[in-house]
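Inside the fold
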Amino acid sequence: MHDHPPSEFQSEVPIPNWWRHWWRRQTPTRQDRYAMLAPLAAVLLFLAAIVSAFWYLRLEEMDREQEAVRRDVEYGQQRMRLRLLERQEQLMRIARDISNKEVDAEEFVGRAESMIAQYPELLMLTWLDERRRVTASYAAPSLANTQVRVAGEVLRPGETETMYSLARDLQQPVYSQPVAGPDSSGLLQLHVPLADQGKFGGVILGEYSIDGLMRYGVPSEISAKYAVALLDGKNRVLAGTAVPPRNPATQFLPWAAHPNEYEVPVSPVGNGLILRAQAYRTGLGVIGSGLFWLVGALSAMTAWMLIANWRHTRRRMQAQQALMSETNFRRAMENSMLTGMRALDMHGRITYVNAAFCQMTGWSEAELVGRTPPFPYWPEEDRDLLMARLDDELRGRTIQGGFQVRVKRKDGSLFDARLYVSPLVDAKGHQTGWMTSMTDITEPTRIREQLQASHERFTTVLEALDASVSVAPLGSEELLFANKLYRLWFGGRAAGHLGMVAQAGMSDTPRTADATIDDVDHFAGLPTNTLEGAVSENAEIFVPELGKWLEVRSRYLNWVDGRLAQMVIATDITSRRNAEDQAAAQAERAQSASRLITMGEMASSVAHELNQPLTAISNYCNGLMSRIRGRQISEDDMLAALDKTARQAQRAGQIIQRIRTFVKRSEPNRTPSDVSAIVSEAMELAEIELRRRNVRMTHYIAARLPQIMVDPILIEQVLVNLLRNAAEAIEQAKRPAGRRSVELRVVPKQVDTLHVVEFSVLDSGPGLAPEVLERLYEAFFSTKPEGMGIGLNLCRSIVESHQGRMEAENIYNGSEVAGCRFSFWIPVSGATSPIVVKDAGVTTA
């Protein structure tokens, strides 16, 4: 049996609100959890307070002891300082009397004896002259004989030599501490300098016993209270006692007190002599006091009681926690549901609503529970329909898939919802009402409507395209999609799609190098990157059934069902292809017309050129006829005359054939062509005009030039136009005979990374003005009165149609224009052969 109220999600009658509210008051609250932790926190705080109090008292005691030690050590240091200064004053008076010649060696010994007897810390007084020789000396009876200095002896090198020199240099008393011998205690020396009429006359050397200095200089009350010792600069004990060190294992314990000591340098000796005092541990301390143990016992009892209280509270809270966990789990399920839940009794009265239902409608639980139809969340215009639906529910006529209704919020706004109704059955199997779940479908409905509208817009755009769009899966004749134009052209079958793919040379099936791979993977050979990012394939095809030229673009895509498909977009380009054909025909007619115009302009030159062989033929025939009539010709002479006549006729025929070939209209035909042959043909045609204008032409052609993919007649036309323009420019400039020349150069060249053949024509004319250079290739622009302005424009069009470029520039001789240079280059087709330059040929008119 459960010890908690039944959940709303069990098949029982919904729980009344008063029972739910009472049960929530019985569940543990945050205050209860704090109450469980309070005893444990009290124990910890109590122990922390006790430890802190004892720790503070211990620190106060240590501070007081340290202050007492410091005060006593400074007092002892002051007493020792005064004693040293008094002895120093007495020795300085003796030194002054010696400097004034008031004391001799015998009297010095008497005074030394009196001082040593009066002050036991003095061991020996010695009078040293400027050469460190002992003048007089007196030592205490307790001093060993080996340490006594005798008058007349000289101190050994190194013995007090440094301090002796320092006292001589400073002319002031100097304290020093020599190293103690193995049979003597530590000594303290005082060097008092002597002055002899302003000069250094030696020193008075007073030697103290450090042990005696501590015994008589430190007050007895301080020596009795502390372990007093005199240390040197390296912290070594010279005299006195020290507290024995503690056990190293206990010095790291937190309650182990450090030795209470204080040290201070002894003035006027300085840091070379340090007075240290260490306090003896005489008290019991905190641990040894009865108060400590009394407080400790009371603290332990209090802690035990608090811990017992905490354990009891903990057990109580554990019992409550099990109950609270189950209740919170069911409450969390109820409050975290996004679906609204509503329970009705058998009479249609609301008995329960969850938090999600209240949040959807905006009505609180108190406002809804107990209400009867019509409910406040029913829209007024739908009440009749909703009442009929509720009546069907109460009669058991429910819809398994649910039904959609409109729900009114408390603020008056409406939203779409779907309701699902099921019987509410208790634990005994009796129906007690009806349970309804409600889901807000406003957002899904909005998204569905937007998707439908987007699909309609997309379909409308595709249907209105002026290109056919079709999609078919790979390896299948199924047509997945076809827009209006495709259906108009090919119907609803996939044959048109497959036909365009096949005619355009695009693969609609996998292609592999090995037939065995096809048995393993039907999609081998397809792109391995993302299909949507693959590059489209383009092709232009002619469909006889439609009588149209189509530009076909294809790419792969993933269809909505995951299948790999191919999309084909076909655009009608018939009008564009017709326009291109017309433009090509017009260009061809313009080129033929240009050649005819060129020949028309050269008509007088051609007539003059043909007149020479025809006149020769006429002369040869007349001569033959006269000699035949007079029977004055032999057979050999006749054959020779006929041969010359035939050669002249052949020459005239070649001129006519060359002109006929040049002006003959033919289809554009780009073939691998020999550069030398093109240049030779152009030179022979142009020489007619150049000879008429008395212009000399030179040419420079590289040997074994590579072939170029061109229409020879068009390139020949460009060269003839450029050579004629050069001759006309020279004649217009009225150059003298020596400067009437045109040079034609044909050489290989590299433009960027492209291998080309460059043709250039250089003349000695007047050059081109800047305004002419800007409009040089403009259609119908000409500097000649009778010119039509289409020659250079047509030449550049021909060159650029062969993927070449044409340029024009002036040639300067200093600052003077010496002529003009027209050049153009054509890319090389195929492999090139080594270039060998031969001598330039010269043709003179």
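Residues numbered from 1 in each chain as written. Predicted model: local features only at pLDDT ≥ 70, side-chain atom pairs only at ≥ 80, totals over all residues. Heavy atoms only, no water.

This next bit is on the overall build of the chain. Looking only at helices and strands, the chain features 21 helices and 28 strands. Within the chain, buried positions represent 38% of all 845 residues. Taking contacts inside the chain between residues at least 6 apart in sequence as the whole, the part at least 24 apart equals 60%. When the accessible surface of the chain is summed, it comes to about 48100 Å², and 55% of that surface belongs to carbon and sulfur atoms. (Helix = DSSP H or I, 4+ residues; strand = E, 2+ residues; numbered from the N terminus. Buried < 20%, exposed > 50% of the residue type's maximum accessible area, 1.4 Å probe, protein only. Contact = heavy atoms within 4.5 Å. Areas by Shrake-Rupley, 256 points an atom, 1.4 Å probe, with all protein chains shown as cover.)

Let us look at the packing of helix H18 (residues 675–692) against helix H19 (residues 712–733). Taken N-terminus to C-terminus, the directions of H18 and H19 make an angle of 35 degrees; their axes are 9 Å apart at the nearest point. Seen from above, H18 lies across H19 with right-handed handedness. For the pair formed by H18 and H19, the contact residues are Ile678, Val679, Glu681, Ala682, Leu685, Ala686, Glu689 and Leu690 on the first element and Pro712, Ile715, Glu716, Leu719, Val720, Leu723, Arg724 and Ala727 on the second. (Axes fitted to C-alpha atoms, helices over the stretch in contact; angles between N-to-C directions. Left-handed = near helix turned anticlockwise from the far one by under 90°.)

Time to look at the side chain of Asp72. Looking at the element boundaries, Asp72 is found in helix H2 (residues 30–99). One polar contact links Asp72 to Tyr226, side chain to side chain, over a distance of 2.4 Å. Contacts of Asp72, omitting those with residues within four sequence positions, involve Ile222, Lys225 and Tyr226. (Polar contact = N/O pair within 3.5 Å; in protein donor to acceptor, adjacent residues only side chain to side chain.)

Here the idea is simple: oppositely charged side chains can pair when their charged atoms come close. According to the stated counting rule, one finds 42 salt bridges in the structure shown. Put simply, Asp129 and Arg133 hold a salt bridge, and the shortest N to O gap is 3.5 Å. Between Arg553 and Glu551 there is a salt bridge, with its nearest N and O atoms 3.9 Å apart. Using a relative accessible area of 28% as the deciding quantity, one classes Arg553 as partly exposed. (Salt bridge = Lys/Arg side-chain N within 4 Å of Asp/Glu carboxyl O.)

This part takes up the packing of aromatic side chains. Under the definition given, this model contains nine aromatic pairs. Taken together, a centroid distance of 5.6 Å and an interplanar angle of 80 degrees make the contact between Tyr164 and Phe200 edge-to-face. In this pair, Tyr164 is assigned in helix H4 (residues 161–170) and Phe200 in strand S5 (residues 199–209), connecting sequence segments 36 residues apart. Owing to a relative accessible area of 17%, Phe200 belongs among the buried residues under this scheme. Residues Phe375 and Tyr377 carry aromatic rings whose centres are separated by 5.6 Å and whose planes lie at 20 degrees to one another, so their mutual orientation is stacked. With respect to burial, Phe375 and Tyr377 carry one shared label: buried. Connected via pairs of aromatic rings, a cluster forms that spans Phe357, Phe375, Tyr377 and Trp378. The ring centre of Tyr119 lies 3.3 Å from the NZ or CZ of Arg87, which sits over that ring. (Phe/Tyr/Trp six-rings, centres within 6.5 Å; stacked < 30°, edge-to-face > 60°. Lys NZ or Arg CZ within 6 Å of the ring centre and 35° of its normal.)

Time to look at a nonpolar patch on the surface. The grouping of Leu291, Leu294, Leu298 and Met301 at the surface amounts to a nonpolar patch, some 430 Å² of accessible area in total. Within the element layout of this structure, Leu291 appears in helix H7 (residues 290–336). The exposed category is assigned to Leu291, whose relative accessible area is 57%. (Patch = residues over 30% accessible without salt bridge, like charges linked within 9 Å, V, L, I, M, F, W, Y side chains within 5 Å.)

Summarising the element assignment, Val756 is placed in strand S24 (residues 754–763). Residue classification places Val756 among the buried positions, given a relative accessible area of 1%. Taking the C-alpha atoms as reference, Val756 lies 5.4 Å from Ile826; in sequence the two are 70 residues apart. Discounting chain neighbours no more than four positions away, the residues touching Val756 are Val747, Pro748, Lys749, Val751, Trp825, Ile826, Pro827 and Val828.

Quick look at the sheet that holds strand S13 (residues 414–425) now. The strand order S11-S10-S14-S13-S12 describes an open sheet built from five strands, whose pairing is antiparallel. Two strands lie at the open edges of the sheet, namely strand S11 (350–353) and strand S12 (403–408), each paired on one side alone. Sheet twist, expressed as the mean angle between neighbouring strand axes with direction ignored, is 35 degrees. The sheet contact formed by strand S10 (residues 340–345) and S11 spans three bridges and is antiparallel. Paired with Leu344 across the strands is Ile350, a residue of S11. (Pairing = 2+ DSSP bridges.)

Here we come to the confidence of the model for the chain. Scored by pLDDT, the chain comes out at a mean of 79, with 79% of its residues at no less than 70. When the elements of the chain are averaged for pLDDT, strand S27 (residues 836–837) gives the smallest value, 34, and S24 the largest, 93. Per-residue pLDDT stays below 50 along residues 510–524; that stretch engages in 12 contacts with residues further than four places along the chain or on separate chains. (pLDDT = per-residue confidence, 0-100.)

Attention shifts here to the sheet that holds S5. The strand order across the open sheet formed by five strands is S2-S1-S5-S4-S3, and the pairing between neighbours is antiparallel. Edge positions in the sheet fall to strand S2 (134–139) and strand S3 (174–176), since each of these pairs with one other strand and no more. Taken over all neighbouring pairs, the strand axes of this sheet differ in orientation by 15 degrees on average, direction set aside. Pairing analysis gives 10 bridges linking strand S4 (residues 187–196) to S5, with the strands arranged antiparallel. For Val192, the partnering residue across the bridge sits in S5 and is Ile204. Here H4 sits on the sheet and contacts strand S1 (122–128), S3, S4 and S5; the angle it forms with S3, its principal contact strand, is near 165 degrees. Set on the sheet, helix H5 (residues 210–217) makes contact with S4 and S5; between it and S5 the angle comes to about 70 degrees.

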